[in-house]
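The residues making up each chain are set out below.
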Amino acid sequence: MRSCCILFLVLLVLCGGCSNSSNSSPLPKALETSPVTLHSEETDHKPEPGTTRQTVSHRKKSERTKSKRQSRAEESYRALSALRHKYPAIFKNSGASYSRRVSLTFDDVPDEFTGKVLDVLKEYNVKATFFVMGYRAEKHPDIIRRMVREGHLVGNHTYNHPLLTKLSMVKFKQQILRTDAILHRIIGYHPKFIRPPYGEINEQQVRWAGSQGYIIVNWNVDSQDWRGLSAQRVMSNILTTTRPGSIILQHAGGNVGGVLNGTLEALPRVIERLKNKRYQFVTLTDMFHVRKNNT
């Protein structure tokens, strides 16, 4: 009886094993040993050792974003260059190359930091052009008056620094005319020069500005000081690219977290180096031989 029970159990186990094997199909050898990877034109390569797919994906996204920014910047540069060639009397970014004149220009003013820049310019007897934001002028009219009193030129940098190419013509005109009215109340004249925030402006806006007697002025030497660069980097960016007729972009407002400290520290040395090279510092009215008052 005992042997019959044992035999019955053995048969039961064997049948169970046969049933399991018949109801399942083994995985292909490749899938047993390799992870499943989705491929695309952008990710069809092996990640670097020590990186995860998430890290690689983030890096690729960052590279794509950077590439898009570069493409937009190149497209913008071509568009602005075309506008300058089409409207040379209205839209400028440099002066005459036969004269050793250069213009220091400072954007995003005024605020408390602006006075420190004015102190340096006064010490070296250098005249510059300041592009003023309307809402800051309302807060600091005394600094605007000091600019004029010390022989500097004031320009229009819109009311609150929007990207003009994203605005309707109605809102674009409001940005310019509101700031113009504020400055007229403070300094007694309508500034001739407009600098668009980020240097961006479209053809319809350029045409309107010209019809109103304004001149649009960008730059051809960029200190890149807004990036929080050291004084040495700011100096290098300016001195290696300045030529006769250069218009130099710096900032004298918005020193949040000390981002413009490099500008303030570099400014005396920039002035000394350029003076040693026999450059003359002039305002934009002297650079282009026009009146400061847009009437």
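Computed from a predicted model, the values in this text were never measured in an experiment.

J.: What's the story with the nonpolar core in this structure? I'm lost.
T.: Where a protein is soluble and globular, its nonpolar side chains tend to be buried together. In terms of nonpolar packing, the biggest core is built from 52 residues, with Leu104, Phe106, Leu121, Phe130, Ile144 and Ile271 touching the most fellow members. Among the elements that take part in this core, helix H4 (residues 112-124) stands out by supplying six residues, more than any other. Sequence-distant contacts of leucine 104, defined by excluding residues within four places in its chain, comprise Leu121, Val126, Ala128, Thr129, Ile248, Gln250, Leu267, Ile271, Phe281 and Val282. Grouped together as the second largest cluster of nonpolar side chains are 16 residues, Tyr87, Phe91, Val206 and Tyr214 included.

J.: Sorry, what's going on with the pairing of strand E2 (residues 101-109) here?
T.: Counted residue by residue, E2 has eight buried out of nine residues, so it is predominantly covered. One ladder, built from two bridges, connects E2 with strand E9 (residues 280-281); its direction is parallel. Paired with arginine 101 across the two strands is glutamine 280, which belongs to E9. Where E2 meets strand E8 (residues 247-251), five bridges bridge the pair, whose relative direction is parallel. If you follow aspartate 107 over to E8, its bridge partner there is histidine 251. Both E2 and strand E3 (residues 129-132) contribute to a ladder of three bridges, which runs parallel. Bridged to phenylalanine 106 within E3 is phenylalanine 130.

J.: Looking at this model, I keep getting lost on a positive patch on the surface. Mind explaining?
T.: Judged by side-chain charge, Lys68, Arg69, Arg72 and Lys166 come together as a positively charged surface patch. Tracing the chain through its elements places arginine 72 in helix H3 (residues 53-86). On the basis of relative accessibility, which here comes to 51%, the residue arginine 72 falls in the exposed class.

J.: Quick question: what am I supposed to make of the pairing of strand E4 (residues 153-156) here?
T.: Two faces belong to every sheet, and in a regular strand the side chains alternate between them. The two faces of E4 match: Leu153 and Gly155 on one face and Val154 and Asn156 on the other face are all buried. Across four bridges, the pairing between E3 and E4 is parallel. Looking across to E4, one finds that threonine 129 is bridged to leucine 153.

J.: Any chance you could explain the packing of aromatic side chains here in plain terms?
T.: What characterises a pair of aromatic rings is the spacing of the ring centres plus the angle enclosed by the ring planes. Scanning the model with the defined rule gives five aromatic pairs in all. Taken together, the aromatic side chains of Phe172, Trp208 and Tyr214 make up a single cluster linked through ring pairs. Lying over the aromatic face of tyrosine 159, arginine 178 brings its terminal NZ or CZ to 3.7 Å of the ring centre.

J.: Teacher, can you tell me more about the environment of threonine 105 here?
T.: Mapping threonine 105 onto the fold places it in strand E2. Judged by its relative accessible area of 0%, threonine 105 is buried. The sequence separation of threonine 105 and threonine 283 amounts to 178 residues, and the corresponding C-alpha distance is 8.2 Å. If near-sequence neighbours (up to four positions away) are discounted, threonine 105 is found in contact with Thr129, Phe131, Arg195, Ile247, Ile248, Leu249, Gln250 and Leu284. Looking at threonine 105, its side chain comes within polar contact range of the side chain of arginine 195, at 2.8 Å.

J.: Just checking my understanding: could you explain the layout of surface pockets for this structure?
T.: Sizing a probe to match a water molecule and rolling it over the atoms shows the empty space that remains. The space that makes up the largest pocket amounts to roughly 910 Å³. Along the walls of the largest pocket sit 27 residues, with Tyr198, Trp219, Asp222, Trp226 and Leu249 positioned nearest its centre. Looking at the lining of the largest pocket, the elements with two or more residues in it are H3, E2 and E8. Its residues assigned to classes, the lining of the largest pocket shows ten nonpolar, eleven polar and six charged.

What counts and how
Residues numbered from 1 in each chain as written. Predicted model: local features only at pLDDT ≥ 70, side-chain atom pairs only at ≥ 80, totals over all residues. Heavy atoms only, no water. Core = buried A, V, L, I, M, F, W, Y, C linked by side-chain atoms within 4.5 Å. Buried < 20%, exposed > 50% of the residue type's maximum accessible area, 1.4 Å probe, protein only. Helix = DSSP H or I, 4+ residues; strand = E, 2+ residues; numbered from the N terminus. Contact = heavy atoms within 4.5 Å. Pairing = 2+ DSSP bridges. Patch = residues over 30% accessible without salt bridge, like charges linked within 9 Å, V, L, I, M, F, W, Y side chains within 5 Å. Areas by Shrake-Rupley, 256 points an atom, 1.4 Å probe, with all protein chains shown as cover. Salt bridge = Lys/Arg side-chain N within 4 Å of Asp/Glu carboxyl O. Lys, Arg positive; Asp, Glu negative; His and termini not counted. Charge placed at Lys NZ, Arg CZ, Asp CG, Glu CD. Phe/Tyr/Trp six-rings, centres within 6.5 Å; stacked < 30°, edge-to-face > 60°. Lys NZ or Arg CZ within 6 Å of the ring centre and 35° of its normal. Polar contact = N/O pair within 3.5 Å; in protein donor to acceptor, adjacent residues only side chain to side chain. 1 Å grid on protein atoms, 1.4 Å probe; cavity = no way out; pocket = protein on both sides within 12 Å on 5 of 7 lines; lining within 4 Å. Points joined across faces, edges and corners; volume = space filled by probe spheres on them. Nonpolar A, V, L, I, M, F, W, Y, C, P; charged D, E, K, R; others polar.

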